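If you want the building blocks of each chain, they are given just below.
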Amino acid sequence: MTTEISLAITSAADTPRDVRWEELASCSTVDPELFFPDNTRESAEAVEVCMGCPVRQQCLEWAMERGENHFGVIGGLTAKERRALGRGKGPGRKAGEAAAICQEARADILRWREEEMPMEQIARRLGVAAKTVRVALEKFALESKLGQQDMGAAA
Ligand code: SF4
C-alpha cells in the first residue's frame with residue numbers, strides 16, 4: 001500500500017521521526033492470503049487482526065479514499081462492508097451495481113479464470129453472486145469476439 005499519510009512517533013532513542021503508517025500495520029507480520037478470504041471464518045480471522053491494529057483508522061481511510069472496495073479485508077471491513085460504507089447504507093446491492101463491480105474487475109476475473117479459480121471463489125472475492133460472474137464472463141467473451149471481428153473487417 002502506498003500513501004501520503006504518515007504518523008509522527010517517537011523512536012526508542014526519544015528522537016521524533018516520521019513513520020509511514022504501513023510500517024505499524026499488524027498485517028505486515030501475517031500471511032497476506034488471510035486478507036483475501038474464501039469464507040466467513042477466514043474473514044473473521046483477518047478482521048480480528050485488524051481490530052488489534054494501531055493504524056486501522058488510517059488504513060480504512062486510505063481504502064475509502066481510493067475506492068479500494070472490491071477485494072479482501074482492509075481496515076477491519078470486508079469488501080462488501082466497505083462498499084456499503086461508501087454508499088452510506090447497509091448491505092444489499094442492485095443487479096446493476098454487481099455487474100459494474102464485475103466490469104471494473106474484468107482484468108482480475110479473466111486472470112483468475114486463467115488460473116482456474118472456481119467461479120464461486122471469484123464471486124466471493126468480489127462479493128457478488130456466482131451467476132453475476134458467469135454472465136460477466138459471457139459478456140467479456142462476446143466483446144472479445146466482436147473485437148476480433150472488427151479487426152478482421154478492418155484488415
Ligand atoms: S487495519 Fe488491517 S489491513 Fe489495515 S493495516 Fe491494520 S491489519 Fe492491515
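See above for the structure.
Described in the following lines is the structure provided in the data block. Please read all numbers here as calculations on a predicted model, not as lab measurements.

### Structural notes on the site of the ligand
Taken together, Trp21, Ala25, Ser26, Cys27, Cys50, Cys53, Arg56, Cys59 and Gly75 make up the full set of residues near the ligand. Here the residues of the shell around the ligand are counted per class, giving six nonpolar, two polar and one charged.

### Regarding the packing of helix H2 (residues 56-65) against helix H3 (residues 79-87)
Where H2 meets H3, the closest approach of the two axes is 11 Å, and the angle between their N-to-C directions is 70 degrees. Between H2 and H3, the interaxial angle falls into the category roughly perpendicular. Two secondary-structure elements touch here, H2 through Leu60, Ala63 and Met64 and H3 through Arg82, Leu85 and Gly86. Per-class residue counts for the contact of H2 with H3 are four nonpolar, one polar and one charged.

### Topic: unusual backbone geometry
The phi angle of most residues is negative, glycine excepted, and most peptide bonds adopt the trans form. Positioned with a positive phi, glutamate 116 is a non-glycine residue whose angle comes to about 65 degrees. Following the sequence through the fold, glutamate 116 ends up in the loop between helix H5 (106-114) and helix H6 (119-126). We classify glutamate 116 as exposed; its relative accessible area is 67%.

### So, the layout of surface pockets
Computed from the structure, the second largest pocket encloses a volume of approximately 300 Å³. Looking at the second largest pocket, it is lined by 17 residues, and the ones nearest its centre are Pro37, Ser43, Thr78, Ala79 and Arg124. Secondary structure elements with two or more residues in the lining of the second largest pocket: helix H1 (40-51), H3 and H6. It is H3 that contributes the most residues to the lining of the second largest pocket, three residues altogether. Lining the lining of the second largest pocket are residues from two domains, each supplying at least three of them: domain 1 (1-92) and domain 2 (93-155).

The rules we used
- Residues numbered from 1 in each chain as written.
- Predicted model: local features only at pLDDT ≥ 70, side-chain atom pairs only at ≥ 80, totals over all residues.
- Heavy atoms only, no water.
- Near = heavy atom within 4 Å.
- Nonpolar A, V, L, I, M, F, W, Y, C, P; charged D, E, K, R; others polar.
- Axes fitted to C-alpha atoms, helices over the stretch in contact; angles between N-to-C directions.
- Helix = DSSP H or I, 4+ residues; strand = E, 2+ residues; numbered from the N terminus.
- Parallel < 35°, antiparallel > 145°, perpendicular 65-115°, else oblique.
- Contact = heavy atoms within 4.5 Å.
- Buried < 20%, exposed > 50% of the residue type's maximum accessible area, 1.4 Å probe, protein only.
- 1 Å grid on protein atoms, 1.4 Å probe; cavity = no way out; pocket = protein on both sides within 12 Å on 5 of 7 lines; lining within 4 Å.
- Points joined across faces, edges and corners; volume = space filled by probe spheres on them.
- Domains from an automatic or database assignment.

Function cannot be inferred from these measures alone, as they are strictly geometric.
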